[in-house]
Structures are given as C-alpha cells and as structure tokens.
Amino acid sequence: MEGQFFPDVPGPIPFGGLDSGDPFAFKVYQPDRLVLGKRMEDHLRIAVCLWHSFSWPGSDVFGSATFDRPWLDPRLDPMLAARGRLDAVFEFLSKLGVPFFCFHDRDVSPEGRTFAETQANLDATVAAIEGHMARTGLKLLWGTANLFSHPRYAAGAATNPDPEVFAFAAAQVKSMLEATHRLGGQNYVLWGGREGYETLLNTDLAREEAQLARFLHLVAEHKHRIGFKGTLLIEPKPQEPTKHQYDYDVATVLGFLQRNKLEGEYQLNLEVNHATLAGHSFHHEVALALAHGMLGSIDANRGDVQNGWDTDQFPNSVDELSLAVYEIMRAGGFTTGGFNFDTKLRRQSMDHDDLFHAHIGGIDTLAQSLLAAAGMIESGELERLRAERYAGWTGALGRSILSGDALLEVLAGRVLAGEIDPKPVSGRQERLENVVNQQIWASNRG
Ligand code: XLS
Ligand code: NI
Ligand code: NI
C-alpha cells in the first residue's frame, strides 16, 4: 500500500464540457458555476461514502471479492490496513474534487477483542482522519455506527430481545456520535440496520417500538449533552436486510416520531433506492418529507426496475433526479445535508479507475438535474399553475373553512341555497409534464 492507489488520475478532475472526450473530466459539474446565485458545489454538497467504495471487496451472496482493495486483506495488521485505506480514500476524494465524505465506525476502524480496544482503535483512526482533513480541507457530511454486521446484532440493535445488545449498541453510538462531533460532522445518521423482523411468530411489535423510541431519546439526549450541533437523521428503508424494516418510509417514520415525541430531534436521510423499494417514487418521498419540514439529507443512487432489492447503482437519470432536486430547491435547498453517493460499483467494475468513472457520471447527473431544476424554478410556470389550482383557498370561502368559522351547517346551507355549485377543472397533468421536459431539454444548452 505504498505510493498512490490511483496513479493514472492526476486530479482534481477538471471540467471538460459536453464536447470533451476525456473520461476523467466532468461534462457538466463546475463547482464554482453560479446557479440561481449560488455555487454548484454549495447547492449539491456532494459526499463519497466509504463503505461501498472502500470497505466492500466486491463480494455478493454467490461469489467472493472481485475488487483490488489491499487494505481488506485479513492477513494484514488491522490498524496498519486501516491507515492504508485512509491514504487511498483521501487520495480519491482530493482527486475527485468533492467537499464531503461519510462513514460508519467499522468502515474505517476494526473491532477489537474488547470494547475498550475497539474504542482505542477508533480514537487512533479519528486522529488520523483529522490529519487528512486538515491537510486536504475535506469535510465530514455525516458519521454513523454499523449496528448490523456483527453477529450480536442478528436480531437487531435497539429492538433486540436482549437488553445487553441494546446497551452494547448504545455504547457504540455514543462513541461514534462523539467521533462525528470531534471531526466537525454536519449530521449523524441512524439507518435502522436490522431494526425489523424476520417473523412475527417471535416478535413483540409494541415492545420493539418502545425500545427503538427509548434508544432514539437517549441518542438525542447525548447529542445535547456533548454540544453536537449537527442534525440527527433517520434513514427510512422498507426491507433488506430484514423482511420488514420498522423505518419503512417517510410516512411511517413521521408517525413513529410523533407518537414517541421525537419529532423535534430528528430529520430524514432519504435514499433513492429505498424509496423505490417501498413502492414510491423518490420524488414522492422527498416531497412528503419537505411538506413536513423533515428533509435532512439524501443518499443518491438508483435501483434497477427489474430487481426488487437495493442495487445501489450510481444515478444516471436526469429525468428521475431533477424532480427531487426541484423540490429541494423550491424549499430553499439543503442546510446541513447534501448528496451522499451511497452507491456500489457493479462487481465486474474491478479497475481502480472505475471508481472515478462511476462518481464522475453520478456527479454530472446531479449537476444536470440541478440545471434542469433551476430552469423549472426560473420559468415559474409550475409554481404559477400550482398556485392557480389552489386559488380558491385564498379566497373568502377557503379562508372561512380553514379558520373553522364555516361549520358544516353553514356550508350545507350555502350549498342548499345554490350559492355554491362547483365545476370540475383540469389538473393539466400533461401540460405540466411538458413544462418539466422542456426545462430538462433546455438545460442541455448549458
Ligand atoms: C443501507 C443504507 C446504509 C446507510 C448507512 O441500505 O443505505 O448504507 O446509508 O448506514
Ligand atoms: Ni443509505
Ligand atoms: Ni441503501
């Protein structure tokens, strides 16, 4: 693990434009380009994830590692390997030229024989990460704890039938929340790894919900205790690895947070492929979270329409992403969140450079989606037609209904008197879809 891991890429990846034949150049993404008065980099706040991209060897349930990731060799001293991985990670991030990264505790630092040893490993690794961050200027978008890989978590972490597992998970989250705080992380994510069930025959649903709520209260309490100013984020997913995950989708998590008086403490980290696994469009999940002021951050990726699992492919469809980016922009953009590439290479993409091609394509897709969304906002057509559709609610009748002044009796009286006689109007869906396509196509003009 001496020297560079990506020697063929000088970096930082330059902007080449749409006519560029250079595979190592962005076709659309220009960090400093102003879009609606703000730099592209500041709109998109792009992050690379360390798990799929640096801690997964390309194995799947049918086959072993296909990627060359020397730091994953089990014969190496684990802390030496961890340092080698960080060198490759920060070489990659600097050459790619994005501002952020995200990681789980176990992506960067090995578990020891005791928890004390695990903690010491993490402390040493965090110190090394601090050095890399100071040297490169890279920032942590979010940290998280891996509460799903170790066999102790086979039946869940917070929702485990054994309170000792709950306590162990609590220790791990405390440690990783503090590490995230120390590194200036802007968010802390809780994805419900194995918080769910395999069979209802051995599961007490009410008890497990109470446990999960208690866990999340403890995390919020500790966040305030240590003065962490970042946002706590829950990441919904409907299934995989368990048959049914409790944080199923946005609507489910909102209900859970409200029932358990947690809604002021948590926002949501939405992943494209999790939305589609839940039977929603990503646009739906983003719009619903924004409607309730709950959108925190995004895990950008895509699924495969023919597959019912989390394929975590790199996003490549502007049609799919631009509507979600439009919703985020019209709500004012990210605050602490950003677009994290929670994405895996295909198993045959085994060249070191494939990691660059994948991220370059995903970043350009986001940048083009941003341009399309900016066009939709600038034209104002979608907002105008939406406002027109609801205009009646700003008139006298609409206001009297919403204020509670108009009782059923009053409304019925006016209908009976023939004063109120509504006429159906067009929803104009196809016209709206044309507006969207026009802006997507126009955004190609640059
Ligand atoms: C898995 C999740 C995971 C979280 C972080 O499906 O997307 O990668 O983002 O624990
Ligand atoms: Ni994710
Ligand atoms: Ni996922």
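Position labels on residues start from 1 in each chain and follow its written sequence. The lettering of chains begins at A and the numbering of ligands begins at 1, in the order of writing. Selection of residues for local features in this predicted model requires a pLDDT of at least 70, selection of side-chain atom pairs for listing and counting requires 80 or more, and totals for whole chains, interfaces and linings are taken over all residues. Just so you know, side-chain values use all the structure's heavy atoms and leave hydrogens and water out.

Enquirer: Any details on the site of ligand 1? Residues and values, ideally.
Expert: By nearness alone, every residue bordering ligand 1 is listed as Trp51, His104, Trp142, Trp191, Glu235, Lys237, Glu271, His274, Asp299, Asp310 and Asp342. Here an oxygen atom of ligand 1 sits 2.6 Å away from a polar atom, N or O, in the side chain of Glu235. As used in this structure description, the phrase polar contact means that two N or O atoms lie within 3.5 Å; if the pair is within protein, one of them must be able to donate a hydrogen and the other to accept it, and residues adjacent in sequence are counted only when both atoms belong to side chains. At 2.8 Å from an oxygen atom of ligand 1 is found a side-chain nitrogen or oxygen belonging to Asp342. Throughout, the Shrake-Rupley method with a 1.4 Å probe supplies accessible areas, and for residues the shown protein chains are the sole cover considered. Here ligand 1, which alone exposes 290 Å², has 94% of that area covered by the protein. Nearness is defined per residue: one heavy atom within 4 Å of the molecule or strand is enough.

Enquirer: Let's hear about the sheet that holds strand 11 (residues 295-300): which residues, and what values?
Expert: An order of 3-4-5-6-8-10-11-12 is seen for the eight strands of this closed barrel, with the pairing classed as parallel. With strand direction ignored, the average angle separating the axes of adjacent strands in the sheet is 30°. Here a strand pair is declared whenever DSSP counts at least two bridges between the two strands. A helix here means a DSSP run of H or I that spans at least four residues, while a strand means a run of E at least two residues long, and both kinds are numbered starting from the N terminus. Taken together, the three bridges between strand 8 (residues 231-235) and strand 10 (residues 266-271) define a ladder with parallel strand orientation. The residue of strand 10 that forms the bridge with Ile234 is Leu268. Contacts were defined at the residue level, with two residues in contact if any of their heavy atoms lie within 4.5 Å. Only C-alpha atoms enter the line fits that serve as axes; for helices the fit covers just the stretch in contact. Angles between N-to-C directions range over 0 to 180 degrees. Sheet strands in contact with helix 7 (residues 205-226) are strand 6 (187-191), strand 8 and strand 10, and its direction is about 155° off that of strand 8. Against the sheet, helix 8 (residues 250-259) touches strand 8 and strand 10, its axis set at about 165° to strand 10.

Enquirer: Any details on the coordination of the nickel ion (ligand 2)? Residues and values, ideally.
Expert: Sodium, potassium and calcium take a 3.2 Å donor cutoff, other metals 2.8 Å, and in both cases only N, O and S atoms count; water is not among them, so sites may look incomplete. Here the nickel ion (ligand 2) is held by the protein donor atoms Glu235 (OE), Glu271 (OE), Asp299 (OD) and Asp342 (OD), which lie 2.0 to 2.1 Å from it. Sequence spacing of the donors to the nickel ion (ligand 2): E-x35-E-x27-D-x42-D. The distance between the nickel ion (ligand 2) and the nickel ion (ligand 3) is 4.0 Å, with Glu271 acting as a donor to both metals. In this pair, Glu271 is assigned in strand 10 and Asp299 in strand 11, connecting sequence segments 28 residues apart. Buried residues are those whose accessible area, probed at 1.4 Å on protein chains only, stays under 20% of the maximum for their type, while exposed residues exceed 50% and partly exposed ones sit between those limits. Relative accessible area serves as the criterion here: at 3%, Glu271 is assigned to the buried category.

Enquirer: I'd like to hear about the side chain of Gln245, residue by residue, with values.
Expert: Among the structural elements, Gln245 can be located in strand 9 (residues 244-245). What makes Gln245 buried here is its relative accessible area of 2%. Within the local environment of Gln245, its side chain forms a polar contact with the backbone oxygen of Gly193, the two atoms lying 3.2 Å apart.

Enquirer: Explain the coordination of the nickel ion (ligand 3) residue by residue, including any values.
Expert: Protein-derived ligands of the nickel ion (ligand 3) are Glu271 (OE), His274 (NE2) and Asp310 (OD), with the metal-ligand distances lying across 2.1 to 2.4 Å. The sequence pattern describing where the donors of the nickel ion (ligand 3) fall on their chain is E-x2-H-x35-D. The class for His274 is buried, based on a relative accessible area of 4%.

Enquirer: So what about the pairing of strand 11? Which residues, and what values?
Expert: Of all six residues in strand 11, six are buried, a share of seventy percent or more. Relative to strand 11, strand 10 runs parallel, the two being bridged by four bridges. The residue bridging Leu270 from the neighbouring strand is Ile298, located in strand 11. Relative to strand 12 (residues 339-341), strand 11 is paired through three bridges, and the arrangement is parallel. Across the sheet, residue Asp299 finds its bridge partner in strand 12, namely Asn340. The parallel pair strand 11 and strand 12 is bridged by helix 11 (residues 318-330), and the resulting crossover is right-handed. With strands facing away from the observer, any crossover in which the path from the first strand over the helix to the second runs clockwise is taken as right-handed.

Keep in mind these numbers describe shape, not what the thing actually does.
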